[in-house]
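Structural overview for review
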Amino acid sequence: MAVGVFELFSVGIGPSSSHTVGPMRAGAVFARELREAGADGGPSYLDRVASLRVDLYGSLAATGRGHGTFTAVLLGLEGFEPEEILPDQVEERLTSIAETGKMNLAGSLVLPYSVEEMVLHPLTVLPRHTNGMTFTVFDSQDEVVHKATFFSVGGGFIVREGEEDSAQKELDESKKELPFPFRTAAELLGRCSSKGLSISDIMLVNEKASRSEEEIREGLLHIWSVMEGCVESSLKREGILPGGLKVRRRAPDWHERLLKEDKDRDPKYWQEWVNLIALAVNEENASGGRVVTAPTNGAAGIIPAVLYYALNYAPGMENATQEDKDDVVVKFLLAAGAVGVLYKEQASISGAEVGCQGEVGSASSMAAAGLAEVMGGTPAQVENAAEIAMEHNLGLTCDPIGGLVQVPCIERNAIAAAKAINAAKMALWGDGTHRVSLDEVIVTMRETGRDMSSKYKETAMGGLAVNVVEC
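Residues numbered from 1 in each chain as written. Predicted model: local features only at pLDDT ≥ 70, side-chain atom pairs only at ≥ 80, totals over all residues. Heavy atoms only, no water.

The name given to the chain in an unreviewed UniProt entry is L-serine dehydratase, with the source organism recorded as Sinomonas cellulolyticus. Per UniProt, the chain has the following entry under Catalytic activity (unreviewed entry): "L-serine = pyruvate + NH4(+)". (UniProt positions renumbered as here; feature names shortened; annotations may be inferred.)

1. Looking at the overall build of the chain
Assigned secondary structure in the chain consists of 20 helices and nine strands. Its C-alpha atoms give the chain a radius of gyration of 22 Å, near enough to 23 Å, the size a compact globule of 471 residues would have. Principal-axis analysis of the C-alpha atoms places the extent of the chain at approximately 70 × 50 × 45 Å. Residues classed as buried in the chain amount to 58% of the 471 residues present. By sequence separation, contacts in the chain at least 24 residues apart represent 75% of the contacts at least 6 residues apart. By element, 49% of the accessible surface of the chain is carried by carbon and sulfur atoms, the whole surface being about 19,400 Å². Taking the 43 positively charged and 67 negatively charged side chains of the chain as two groups, their mean positions are separated by 3 Å. (Helix = DSSP H or I, 4+ residues; strand = E, 2+ residues; numbered from the N terminus. Rg over C-alpha atoms; globule rule 2.2 N^0.38 Å. Buried < 20%, exposed > 50% of the residue type's maximum accessible area, 1.4 Å probe, protein only. Contact = heavy atoms within 4.5 Å. Areas by Shrake-Rupley, 256 points an atom, 1.4 Å probe, with all protein chains shown as cover. Lys, Arg positive; Asp, Glu negative; His and termini not counted. Charge placed at Lys NZ, Arg CZ, Asp CG, Glu CD.)

2. Describing the UniProt feature "domain: Serine dehydratase-like alpha subunit" (unreviewed entry) in the chain
Here the UniProt-annotated "domain: Serine dehydratase-like alpha subunit" (unreviewed entry) positions come out as residues 195–465. Split by type, residues 195–465 is 61% helix and 1% strand. Its first and last C-alpha atoms lie 49 Å apart.

3. What to know about the sheet that holds strand S5 (residues 119–121)
Strand order in the open sheet formed by five strands is S5-S2-S6-S7-S8, with mixed pairing between adjacent strands. Two strands close off the open sheet at either side, each with one partner strand: S5 and strand S8 (157–160). Strand after strand, the sheet turns through a mean of 20° between neighbouring axes, direction not considered. Sheet topology note: the strand S7 (residues 144–154)/S8 ladder contains four bridges and is antiparallel. (Pairing = 2+ DSSP bridges. Axes fitted to C-alpha atoms, helices over the stretch in contact; angles between N-to-C directions.)

4. Topic: the nonpolar core
Ranked by internal contacts, the top residues of the largest apolar core, which has 101 residues, are Phe 9, Ile 302, Ile 303, Val 306, Leu 307, Phe 332 and Leu 333. Ranked by residue count, the leading element in this core is helix H14 (residues 322–346), at 13 residues. Core analysis: the second largest hydrophobic core is formed by 31 residues, Phe 70, Met 133, Val 145 and Ala 148 among them. (Core = buried A, V, L, I, M, F, W, Y, C linked by side-chain atoms within 4.5 Å.)

5. Brief notes about the pairing of strand S6 (residues 132–138)
Here S6 lies mainly inside the structure; seven of its seven residues are buried. Residues Gly 132, Thr 134, Thr 136 and Phe 138 line one face of S6 and the alternating positions Met 133, Phe 135 and Val 137 line the opposite face, and both faces are buried. Pairing between strand S2 (residues 51–57) and S6: six bridges, direction antiparallel. For Asp 55, the partnering residue across the bridge sits in S6 and is Thr 134.

6. Observations concerning the state of the cysteines
One pass over the full model with this rule turns up zero disulfides. In this structure Cys 356 is not part of a disulfide, and its nearest cysteine sulfur, from Cys 398, lies 5.4 Å away. Look at Cys 356 and you get buried, because its relative accessible area is 9%. (Disulfide = S-S within 2.5 Å.)

7. With respect to unusual backbone geometry
Following Gly 14, the chain continues to Pro 15 via a peptide bond in cis, the omega torsion being 10°. One can find Pro 15 in the loop between strand S1 (10–13) and helix H2 (17–36). With an omega of 0°, the peptide bond between Ala 294 and Pro 295 qualifies as cis. With respect to the element layout, Pro 295 can be found in the loop between strand S9 (290–293) and helix H13 (302–313). The residue Ala 106 is not glycine, and still its phi comes out positive at about 55°. The residue Ala 106 is located in the loop between strand S3 (102–105) and strand S4 (109–112) in this model. One non-glycine residue, Glu 458, lies in positive phi territory at about 60°. With respect to the helices and strands, Glu 458 occurs in the loop between helix H19 (438–451) and helix H20 (464–467).

8. Focus: the side chain of Thr 69
The residue Thr 69 is located in helix H5 (residues 69–77) in this model. If we skip the residues at most four places from it in the chain, Thr 69 touches His 19, Pro 23, Leu 56, Leu 60 and Gly 64.

9. Brief notes about the environment of Tyr 309
Along the chain, Tyr 309 turns up in helix H13. Tyr 309 gets classed as buried once you look at its relative accessible area, which sits at 4%. Distance from Tyr 309 to Ile 421, taken between C-alpha atoms, is 8.3 Å for residues 112 residues apart in sequence. Beyond its immediate sequence surroundings of up to four residues, Tyr 309 is in contact with Trp 270, Val 274, Ala 314, Leu 371, Ile 421 and Lys 425.

Below, the structure written as structure tokens:
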């Protein structure tokens, strides 16, 4: 189906959308196929399964341990979906698998299997994408019962091997059903101009092709509530982040200090609060907590931080009612989602494919667009805000130390949130005309990612990942 706001903003668990959410989703699809085969009266796959093999390729194998890929795959193969599983369930199941050496395949077949049995191919990249994985189940005679290869292509999206063309065809067909389809920023601005609508309006009309306006509003407010819940959960945690880097959680201490220093919410502290929200979300993500992919887990703190700014520091919000604030949330996320569609369809939001410019850069661009929209920007100013934010994230590498979504990822979200706010303000001081278009920047990001050395695309083989001692 056409990429929409609820595909770009989905609930999952940390620390990575492409390395945790995507692999879990792929495992869940495979588990569902095992359960459903034979449901029509034919032979059941599960009745024949005696063993399981999991092969992970490229970036999934190279940084999978730090990104939670291995355990996410196991949970998916047990039948858990990233949108529904809770952190307590994650801990319970992983503890059980570690202690017993057995998993519950498709939720019904107890099978001896553990993380250590996964077959890793860090230097082998399958043709479709660096984030490849193959699941195979065998019978007692070692004959293949069922096999499937999936690619996690960023933001929790997955593609099955052999179905790439049909998936693209389905996308193209579904876009034809939209009232105002667009693939480029130029097309989006053309729709706004011809219909006299804002960018968020165009996105809303398209979303209404598959949901009622009430469902859209409720869904987006739920997304915001999960973002807020993520911050609240993070502020209750203290100590060291998991993974071995000994990175100390800062959000709880910063929050306590801000409550003391900024009792009256002085506007001069806006950046400290924005930094806090971004850090809190990404510390929760690094802990494997419940987050919203926005559009990825590695960049999950940017949009919540900028939306927090919009609700608390944007002009006119001083006396806003709750309904007014809900309107801002909906409008912000719709406009941000429209820009996210452009990146997803023209380039990539996968760090393993184009570097961190595709994750943090895209999120910063989306956030800038959302803020410019709710601050009264014209479609041209909103497009300009998105362009400014991405232009100054071009070439951003993805080189997490130890393969963990911690350094430089957590601070990078706070920096990118501030960039988004500045980009929106700069665009609103102009009239929307500018020399470089958003489409040109998106194409440049895609080409830069293609030219970027694989060392800097989520492989932990270059940059900070090799130049900083882990312990």
